[in-house]
Amino acid sequence: MNRSIIAVTRLHHGLGNRIRVVLSAQDLAESTGRDFAYVWPTGRAFGARLDDLWQADMRQISVPRSRMLAIRHPYRDASADWRMEADGDAVWQIRTAQPIVVDGAIDTWHPRLRRLRPVAPITERVEELFDAELRGRPYLGVMIRSHSVSHERTRAESPLEWYLKRIGDVRRDHPHIPVFVSADTTDALDQVCSRFDDVHAIREKGPYNSLSALRAAVVDLYMLASSTHILAPHYSSFPELARYLAGPEVRLETSMTGEKSRFDATALTRVDDPTRPFKRKSAEG
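Computed from a predicted structure; not experimentally measured.

Here is what the cut-offs are and how they apply
Residues numbered from 1 in each chain as written. Predicted model: local features only at pLDDT ≥ 70, side-chain atom pairs only at ≥ 80, totals over all residues. Heavy atoms only, no water. Axes fitted to C-alpha atoms, helices over the stretch in contact; angles between N-to-C directions. Helix = DSSP H or I, 4+ residues; strand = E, 2+ residues; numbered from the N terminus. Parallel < 35°, antiparallel > 145°, perpendicular 65-115°, else oblique. Left-handed = near helix turned anticlockwise from the far one by under 90°. Contact = heavy atoms within 4.5 Å. Nonpolar A, V, L, I, M, F, W, Y, C, P; charged D, E, K, R; others polar. Expected span 1.5 Å × (residues − 1). Buried < 20%, exposed > 50% of the residue type's maximum accessible area, 1.4 Å probe, protein only. Pairing = 2+ DSSP bridges. 1 Å grid on protein atoms, 1.4 Å probe; cavity = no way out; pocket = protein on both sides within 12 Å on 5 of 7 lines; lining within 4 Å. Points joined across faces, edges and corners; volume = space filled by probe spheres on them.

Trainee: It is not clear to me how the packing of helix H8 (residues 211-225) against helix H9 (residues 238-246) should be interpreted in this structure. Could you clarify?
Mentor: The relative placement of two packed helices is expressed as an angle between their axes plus a distance between the axes. At a minimum axis distance of 8 Å, the contact between H8 and H9 shows a crossing angle of 50°. One finds that H8 runs oblique with respect to H9. The handedness of the crossing between H8 and H9 is right-handed. Judged by residue contacts, Ala217, Leu221, Tyr222, Leu224 and Ala225 of H8 engage Phe238, Leu241, Ala242, Leu245 and Ala246 from H9. When the residues that make up the contact of H8 with H9 are grouped by side-chain class, the tally is 10 nonpolar, no polar and no charged.

Trainee: When you look at helix H1 (residues 15-32) in this model, what are you seeing that I'm missing?
Mentor: Every α-helix winds through 3.6 residues per turn, so residues three or four apart in the chain are directed the same way. Taking 1.5 Å of rise per residue, 18 residues should cover 26 Å, and H1 covers 26 Å from first to last C-alpha, within 8% of that figure. The element H1 is extensively covered by neighbouring structure, given that 15 of its 18 residues are classed as buried. Positioned one or two residues after H1, Gly33 has a phi angle of 70°, which is positive.

Trainee: For this particular structure, what's the right way to read the sheet that holds strand E4 (residues 75-76)?
Mentor: Whether parallel or antiparallel, the strands of a sheet pair through hydrogen bonds between backbone atoms. One open sheet accounts for five strands, arranged E3-E2-E1-E5-E4; its pairing is parallel. Two strands close off the open sheet at either side, each with one partner strand: strand E3 (59-60) and E4. Bridging between strand E2 (residues 35-39) and E3 involves two bridges; their strand directions are parallel. Within E3, the position partnered with Tyr38 by the bridge is Gln60.

Trainee: I tried to follow the environment of Val21 on my own but got confused; where do I start?
Mentor: One can find Val21 in helix H1. Residue classification places Val21 among the buried residues on the basis of a relative accessible area of 0%. Between the alpha carbons of Val21 and Trp162 there is a distance of 30 Å; along the sequence they are 141 residues apart. Dropping the residues within four chain positions of it, Val21 is found in contact with Ala7, Val8, Thr9, Thr96, Ala97, Gln98 and Ile100.

Trainee: Got a minute to help me understand the layout of surface pockets in this structure?
Mentor: One simple way to see leftover space: roll a probe sized like a water molecule over the atoms. A volume near 1400 Å³ is recorded for the largest pocket. Lining of the largest pocket is provided by 50 residues; of these, Gly14, Arg145, Tyr208, Ser236 and Phe238 occupy positions nearest its centre. Looking at the lining of the largest pocket, the elements that each hand over two or more residues are H1, strand E7 (179-183), helix H7 (186-195), H8 and H9. Forming the walls of the second largest pocket are Val8, Thr9, Arg10, Leu11, Val39, Pro41, Val63, Ser66, Arg67, Tyr75 and Arg95. Among the elements that make up the lining of the second largest pocket, the one with the highest residue count is helix H2 (residues 63-69) (three residues). Grouping the amino acids of the lining of the second largest pocket by side-chain chemistry returns six nonpolar, two polar and three charged.

Structure, rendered in structure tokens:
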């Protein structure tokens, strides 16, 4: 058997956790000269394969195969602590929800994320939404997590009232800025729409974590990344993906971040290609 790394995600892991584990493990495999494969379980709790969402030419193995391998090749965590003693192990199975440490860093996989191409149905929907409502306009991206399945820390630290207040604050600084909302409940979206005009969103997403809902989530991801500023929930990996896609010019603001993350009306940017949101220009350019 060739020396390899297998990124193992679990059925209950969300999209943000899964993609950062797979891409950071792929980065580690390349840096250590090992082959790469991944485990991406699907079912009622998570209804999309990786290649249902992005064009992914990577080897996938099944959950039962991974469990059989684990008899001789145990699951390891995201840290670098075990690597020296495990150097003689032909297979490193890394089962985690965290980005994997590569050369002392946890962010080496971000360029891989930017190189990923969404599958055609997602690309078409992103471009259609962007062209119809937001092309040429710097806009505010807002991600709201209020569903009962969201982490309790997220719901406690990022209540809907915080989003409504911050959108209002931004509108006072820049009254004509549009808003794109990614919300996991229609009630949250309705409350934003009832309070503000020029609000855009995908309303019909399908059952929670179904294939249609996960494809809509990736559309949301690229729309958030194409915004000029992101308001996001605390303790959620998904908006971090949007920020990594967008690049350092876009600030990610949560209820727990400091003054340096706040909206800056003097530094608005926009994109021409919403599937390449890291390619930015000044809003005036």
